[in-house]
Amino acid sequence: MSDNKALSQESQLREQIATLGQSLFDRGLTMGSSGNISVRLEDGGWLMTPTNACLGRLDPARISRLDGDGRLLDGDKPTKESFLHMAMYAERPRSGAIVHLHSTHSVAVSCLPGIDPCDCIPPLTAYYVMRVGRLPLVPYHVPGDPTLGDAVRGLAGQHSAVLLANHGPVVAGKNLEAAVYATEELEETAKLFLLLRGENPRCLTPEQVAELEARFPRD
């Protein structure tokens, strides 16, 4: 790929990060300076939202540009949770983007006692299975603790999304749009799960889940 074409694609990705970040913020899926987004570049590096940045007010030119080893090349200092993204990417070579939010209903589920740590939310809808799948719970770590990356790495090879206890979801997708859609699907299904607690809802059967997974594989 020519340098001009690579720069053009990077510019487009920077704009897309800012546009989708604002959309997530405007709809209340993230607040303040919480949450972060990253995209894998064709040269093996990454774009990541900066530390203490509001997703609703991102400047595309200031988004962090990292090389393949995670070193900052230009832009502002990256999110302090960059190691979460690196851990997911290391185990998911086909993933092109990652979204991490502190979205209200997903965080609420992560705080509940008695949820299945191997699958926090049951298969309530087809689109949840198609976009998220089984959602494991990662035990609580202090935000920024690098050992959290090791905990995520141990699950990411088998799961495109994980739920950090008392913290929020980390979701990978084949590209940024897919990762955002999956994050939104997770948040809406978390809301359904909370609404239906105590109601013994009718979930999809294992056979129905298996059919969806076979027909609609994720990255």
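Residues numbered from 1 in each chain as written. Predicted model: local features only at pLDDT ≥ 70, side-chain atom pairs only at ≥ 80, totals over all residues. Heavy atoms only, no water.

The protein chain carries the name 3-oxo-tetronate 4-phosphate decarboxylase in an unreviewed UniProt entry, which gives Franzmannia qiaohouensis as its organism. One UniProt comment on the protein chain, placed under Function (unreviewed entry), says "Catalyzes the decarboxylation of 3-oxo-tetronate 4-phosphate to dihydroxyacetone phosphate (DHAP) and CO(2)." Recorded under Cofactor (unreviewed entry), the UniProt text for the protein chain is reproduced unchanged: "Zn(2+)". (UniProt positions renumbered as here; feature names shortened; annotations may be inferred.)

(A) Quick look at the UniProt feature "domain: Class II aldolase/adducin N-terminal" (unreviewed entry) in the protein chain. When the UniProt feature table is mapped onto this chain numbering, "domain: Class II aldolase/adducin N-terminal" (unreviewed entry) sits at residues 15–194. A distance of 34 Å separates the end C-alpha atoms of residues 15–194, which is 36% helix and 17% strand. (Helix = DSSP H or I, 4+ residues; strand = E, 2+ residues; numbered from the N terminus.)

(B) Region of interest: the pairing of strand β1 (residues 36–40). Counted residue by residue, β1 has 4 buried out of 5 residues, so it is predominantly covered. Here β1 pairs with strand β2 (residues 46–48) via 3 bridges, running antiparallel. Along β2, the bridge assignment pairs R40 with W46. Linkage of β1 to β2, two consecutive antiparallel strands, is achieved through a turn of 5 residues, within which G44 is found at a positive phi near 95°. (Buried < 20%, exposed > 50% of the residue type's maximum accessible area, 1.4 Å probe, protein only. Pairing = 2+ DSSP bridges.)

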